[in-house]
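Chain residues, written in single-letter form:
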Amino acid sequence: MTPPDFIDPNAPKLDPKFQAAVQRLHQLTVLGRWLTLIGLWLTIGALSLWGYAIQFR
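Calculation notes
Residues numbered from 1 in each chain as written. Predicted model: local features only at pLDDT ≥ 70, side-chain atom pairs only at ≥ 80, totals over all residues. Heavy atoms only, no water. Helix = DSSP H or I, 4+ residues; strand = E, 2+ residues; numbered from the N terminus. Rg over C-alpha atoms; globule rule 2.2 N^0.38 Å. Buried < 20%, exposed > 50% of the residue type's maximum accessible area, 1.4 Å probe, protein only. Areas by Shrake-Rupley, 256 points an atom, 1.4 Å probe, with all protein chains shown as cover. Patch = residues over 30% accessible without salt bridge, like charges linked within 9 Å, V, L, I, M, F, W, Y side chains within 5 Å. Salt bridge = Lys/Arg side-chain N within 4 Å of Asp/Glu carboxyl O.

Asker: Tell me about the overall build of the chain, and please be specific about residues and values.
Answerer: Across its full length, the chain holds one helix and zero strands. Here the chain has a C-alpha radius of gyration of 21 Å; the compact-globule value for 57 residues is 10 Å, and the former is much larger. Viewed in the frame of its principal axes, the chain has a C-alpha envelope of about 65 × 20 × 15 Å. Expressed as a percentage of the 57 residues in the chain, the buried residues total 2%. Of the roughly 5800 Å² of accessible surface on the chain, 70% is carried by carbon and sulfur atoms.

So this is what it looks like as structure tokens:
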């Protein structure tokens, strides 16, 4: 993965362990957001569609 263009090339280099930890935290955050979104669609979305279907029975 290449770094974004907006990073200052003169900035001090960070510890590789710290960079790996930040990357892992970012991946977990993104995964958590997707799992939350999917969970909400499976619960609230399904219940809403069920209620909508019952309304027009």
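Asker: Break down a nonpolar patch on the surface for me, with residues and values.
Answerer: Taken together, V30, W34, L37, I38, W41 and L42 make up a surface patch of nonpolar side chains, about 670 Å² in accessible area. In this fold, W41 is placed in helix α1 (residues 16–55).

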